Amino acid sequence: MQTSEIKVPRRILGSLLSSLAAGVVPRSGAAYIAVGRDEEISALADDLDALSEGGGRMRLLIGKYGSGKSFLMQLLRGYAIEREFVCADCDLSPERRICGRAGTGIATFRELMKNLSCKASPDGGALPVILAKWHSAMAAALAEEGVTAEHAEFDRKLTAKVYEVVKSTETQVGGFDFARVIGLYFAAKRDEDHEKASACLRWLRGEYNTRMEARRELGVGAIIDDDNWFDYIKLYAVFFRQIGFAGFLVMLDEGVNLYKIANRISRENNYEKLLSVFNDSLQGRTPGLGVILGGTPQFLEDPRRGLYSYEALRSRLCDARVMQEGNYRNLMGPVIRLRRMSDNELLALCTRLTVLYGQYHKIDTPVTMEQMKRFLTFCTERAGADSMITPREITREYLGILDILLQNPQVRFDDLIAPAVERLGGSEDEEWSIEEFEV
């Protein structure tokens, strides 16, 4: 994409720039600033192909804070939604874990259901939309058979189609109760019983706290809780494929919060649950389900508290010896390590940001290519920048400079960057050391 051709809706552009300036990953518009990471995106796109064919996948995205893990997840979420996947994402925290008591497990499930997205509802809360779309598709199929909504047989045949699909989920753990609640939901919608329909959605989102409450309101003796929530994630993957979606992609970010669990037994219980998820995903027991977990190198490699402290996970996730000795990358394995973006890619990122910033504020941004190069010289020549500099750091500092220039027209770019270059012992006139990047 040429930068001169970028045309972004103003609502999305405003949210995009404000998120980037604050160091937060935008939930929409990520594709407009996607630079580099071609290899990683290609590998994850191959996973989507496998999921659409009924396979299962689990990947770990490992990188330093600000290296682009969350950004890559949001970018992949956008691609997956366009390809008719259902997606759900969630940040793990002390209150949201893979496994835990006192509601920390089910809190993760509820957050995933809150952020459930599809093409018709890309911003979350998609469960009612998905069910309504399925209902409309079944009604359209009946209409093609000559059975319209006014026909006496319509309700009976529609109910039969619903149970024909949900019956396939009954072989899954919790499938019988799930099928019953789906049936109750459509019956409530038919009878315009909004209270019952709302209760069914509460059950499907895991919002019942006790079995007694669910039995009283729905006549169902089971609920989604801390112990079984991932079984229902697998069940949803089967269900979504049955009603016409390509698959179900679940993204869990901030895995480092599992590493931070102080209690060893609780931490290992979470790792044991992750092992179960990993095994199910790669043994074909989760058809159509993809799981992506983001975390830092410390979360993965720390031998005392990281995933490597759990031997069963270490033996599955550690790099092969030939990779360690030869410094090779393997993007087909379960772990994808995010490399530092090249200087050319960072230059392309700054160029893209300059164009978008000017478009949003309706100005000709007064920054030349040479000035962008001097800014990156300043950033990349800091001590340790070769391995530590991240896209988040570059983006925040560069947008900060653009904000200052916008609010202070009398200030020149060189007035801001020259003192910083001099502190490094460099010169504004020194030759730019990287090859030209076409953007």
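Provided above is the structure to which this section pertains.
The following paragraphs examine the structure supplied in this document. (Residues numbered from 1 in each chain as written. Predicted model: local features only at pLDDT ≥ 70, side-chain atom pairs only at ≥ 80, totals over all residues. Heavy atoms only, no water.)

1. Let's talk about the nonpolar core
Consideration 1: Residues Trp 134, Trp 203 and Phe 248 are the most contacted members of the largest nonpolar core, which totals 81 residues.
Consideration 2: With nine residues, the single largest contributor to this core is helix α10 (residues 229-242).
Consideration 3: When neighbours within four sequence positions are excluded, Trp 203 is seen to be in contact with Asp 177, Phe 178, Val 181, Tyr 208, Ala 214, Leu 218, Val 220, Ala 222, Ile 223, Ile 224 and Tyr 232. (Core = buried A, V, L, I, M, F, W, Y, C linked by side-chain atoms within 4.5 Å. Buried < 20%, exposed > 50% of the residue type's maximum accessible area, 1.4 Å probe, protein only. Helix = DSSP H or I, 4+ residues; strand = E, 2+ residues; numbered from the N terminus. Contact = heavy atoms within 4.5 Å.)

2. Describing unusual backbone geometry
Consideration 1: With phi around 70°, Glu 84 is a residue other than glycine that occupies positive phi space.
Consideration 2: Counting through the fold element by element, Glu 84 comes out in the loop between α3 (69-82) and β2 (86-91).
Consideration 3: Its identity as a non-glycine residue notwithstanding, Lys 362 has a phi of 55°, on the positive side.
Consideration 4: Residue placement: Lys 362 occurs in the loop between α16 (343-361) and α17 (369-380).

3. Looking at empty space enclosed by the protein
Any space left empty among the atoms is revealed by the rolling of a water-sized probe across them.
Consideration 1: The final tally for this structure, using the stated rule, is three cavities of 30 Å³ or more.
Consideration 2: Taken as a whole, the largest cavity holds about 70 Å³ of empty space.
Consideration 3: Along its surface, the largest cavity is lined by Met 58, Ile 98, Trp 229, Phe 230, Val 250, Leu 252, Leu 274, Val 277, Val 291 and Leu 293.
Consideration 4: Secondary structure elements with two or more residues in the lining of the largest cavity: α10, β3 (248-253), α12 (264-282) and β4 (289-295). (1 Å grid on protein atoms, 1.4 Å probe; cavity = no way out; pocket = protein on both sides within 12 Å on 5 of 7 lines; lining within 4 Å. Points joined across faces, edges and corners; volume = space filled by probe spheres on them.)

4. Observations regarding helix α5 (residues 127-144)
Consideration 1: In a regular helix each residue adds 1.5 Å, so 18 residues correspond to 26 Å; α5 covers 26 Å between its end C-alpha atoms and thus fits that length.
Consideration 2: Inspection of α5 places Leu 127, Ile 130, Leu 131, Trp 134, Met 138 and Leu 142 among the buried residues, and these make up the whole buried set. Viewed end-on, α5 has its buried residues packed into an arc of 115°, placing them on one side of the element.
Consideration 3: Its buried side turned inward, α5 meets β2, α6 (154-166), α7 (175-190), α8 (194-204) and α10.
Consideration 4: Following α5 by one or two positions, Gly 146 adopts a phi angle in the positive range, close to 95°. (Expected span 1.5 Å × (residues − 1). Arc of directions from axis to C-beta.)

5. Here's the deal with the packing of aromatic side chains
Consideration 1: Inspection of the entire model under this criterion finds 13 aromatic pairs.
Consideration 2: Taken together, a centroid distance of 5.3 Å and an interplanar angle of 85° make the contact between Phe 178 and Tyr 236 edge-to-face. A residue pair is termed long-range when its members are at least 10 positions apart, and Phe 178 in helix α7 and Tyr 236 in helix α10 qualify at 58 residues. Each member of the pair, Phe 178 together with Tyr 236, is buried.
Consideration 3: Considering the side-chain rings of Phe 178 and Phe 239, the 5.3 Å spacing of their centres and the 75° angle between planes classify their relative orientation as edge-to-face. Of this pair, Phe 178 sits in helix α7 while Phe 239 sits in helix α10, and the two are 61 residues apart along the sequence. Each member of the pair, Phe 178 as well as Phe 239, is classed as buried. (Phe/Tyr/Trp six-rings, centres within 6.5 Å; stacked < 30°, edge-to-face > 60°.)

6. Regarding the environment of Glu 272
Consideration 1: When you line up the elements, Glu 272 lands in helix α12.
Consideration 2: Classification of Glu 272 as partly exposed rests on a relative accessible area of 45%.
Consideration 3: For the pair formed by Glu 272 and Leu 307, sequence separation is 35 residues and the distance between their alpha carbons is 9.8 Å.

7. Some points on the pairing of strand β1 (residues 57-62)
Consideration 1: Across the six residues of β1, five count as buried, placing the element largely inside the fold.
Consideration 2: In this sheet, β4 lies alongside β1 in parallel orientation, the contact comprising six bridges. Of the residues in β4, the one forming a bridge with Ile 62 is Gly 295.
Consideration 3: In this sheet, strand β5 (residues 335-337) lies alongside β1 in parallel orientation, the contact comprising three bridges. By the bridge assignment, Ile 62 is partnered in β5 with Arg 337. (Pairing = 2+ DSSP bridges.)

Geometric descriptors of this kind do not, in isolation, establish any biological role.
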